[in-house]
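# Understanding the architecture of this molecule
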Protein chains: 2
Amino acid sequence: MNHTAINLKEKFSKFSECWSPRVIAEMNDYQFKVVKIQGEFVWHRHEDTDEVFMVIEGEMCIEFRDGKVKLEAGELFVIPAGVEHKPFAENECRAMLIEPRGVANTGDAGGERTAEDNVWV
Amino acid sequence: MNHTAINLKEKFSKFSECWSPRVIAEMNDYQFKVVKIQGEFVWHRHEDTDEVFMVIEGEMCIEFRDGKVKLEAGELFVIPAGVEHKPFAENECRAMLIEPRGVANTGDAGGERTAEDNVWV
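The name an unreviewed UniProt entry gives chain A is Mannose-6-phosphate isomerase, with Hahella chejuensis as the organism.

A word on the interface of chain A and chain B. Taken residue by residue, the interface counts 39 residues in chain A and 39 residues in chain B. Interface area, chain A with chain B, both sides summed: about 2,900 Å², of which 66% is carbon and sulfur. Considering only the side of chain A, the residues that lose the most area to chain B are Met1(A), His3(A) and Leu76(A), jointly responsible for 22% of the buried surface there. Of all the elements in the fold, those that place two or more residues in the side of chain A that touches chain B are strand E1 (6-7), strand E2 (22-27), strand E3 (30-40), strand E4 (51-57), strand E6 (67-72), strand E7 (75-79) and strand E8 (85-100) of chain A. When residues in the side of chain A that touches chain B are grouped by element, the largest group, five residues, is from E6(A). Of the residues in the side of chain A that touches chain B, the class split is 23 nonpolar, eight polar and eight charged. Pairing of E1(A) with strand E7 (residues 75-79) of chain B, which is carried by two bridges, proceeds in the antiparallel orientation.

Take the packing of aromatic side chains next. Taken as a whole, this structure holds seven aromatic pairs over all chains when the rule is applied. On the numbers, 4.6 Å between centres and 20° between planes, the contact of Trp19(A) with Phe41(A) is stacked. Of this pair, Trp19(A) sits in the loop between helix H1 (8-12) and E2 while Phe41(A) sits in the loop between E3 and E4, placing them 22 residues apart in sequence. Directly above the ring of Phe15(B) sits Lys36(B), whose terminal nitrogen or CZ lies 5.1 Å from the centroid. One residue, Arg65(B), lies across the ring of Trp43(B), its end atom 3.8 Å from the ring centre.

Cut-off values and rules
- Residues numbered from 1 in each chain as written.
- Chains lettered and ligands numbered in written order.
- Predicted model: local features only at pLDDT ≥ 70, side-chain atom pairs only at ≥ 80, totals over all residues.
- Heavy atoms only, no water.
- Contact = heavy atoms within 4.5 Å.
- Buried area = accessible area lost by both parts, 1.4 Å probe.
- Helix = DSSP H or I, 4+ residues; strand = E, 2+ residues; numbered from the N terminus.
- Nonpolar A, V, L, I, M, F, W, Y, C, P; charged D, E, K, R; others polar.
- Pairing = 2+ DSSP bridges.
- Phe/Tyr/Trp six-rings, centres within 6.5 Å; stacked < 30°, edge-to-face > 60°.
- Lys NZ or Arg CZ within 6 Å of the ring centre and 35° of its normal.

If you want it as structure tokens, here you go:
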């Protein structure tokens, strides 16, 4: 068995693209991903699953149709299945996502900002 | 919908007991828990599920029958289903656990160190 810790800072140092989640670990059929966020994403929802954002460095907002939540380092938020949301960060923010394997970053919206699935770092 | 971020530092400030995981969030049928760790736990395994430890403050070790991993703040590790392990921390360590709802802290070992399930903070 591999006994190496997964270090988030080291994982973030290995890529620069924003809005392009990279898988760092799997737990059963769930994946842990790191993502760099800057600027505004697209409105979308994940019909079949909740999704967790945890901020590791910096700060971000998640807008909803009925409000928004601001997340700083050391904070997390669960976006319920089916709820439309739009992530945003003024300055680069480093976050971890936790969600089932195979969830697309753009959810039901699709389009040109859909990142390649299952890219590990 | 509630738009409040879940702040880990604030959650840790609300209890002092070690080895007593507190639930802070649910994602589908998984739970996010915070736990304070100091000293040595019992050898145990979770037969049916992987389990994630992420260190938030301090450092800890997870011993396995064939080695060990040391985790510092900003590091995580996935303990595969069925693998015997024993967490340890010399000084108080604050960690987050992610695992399915209903997983006991002592796994197959049971005994007096089994914490009450599903206690939220």
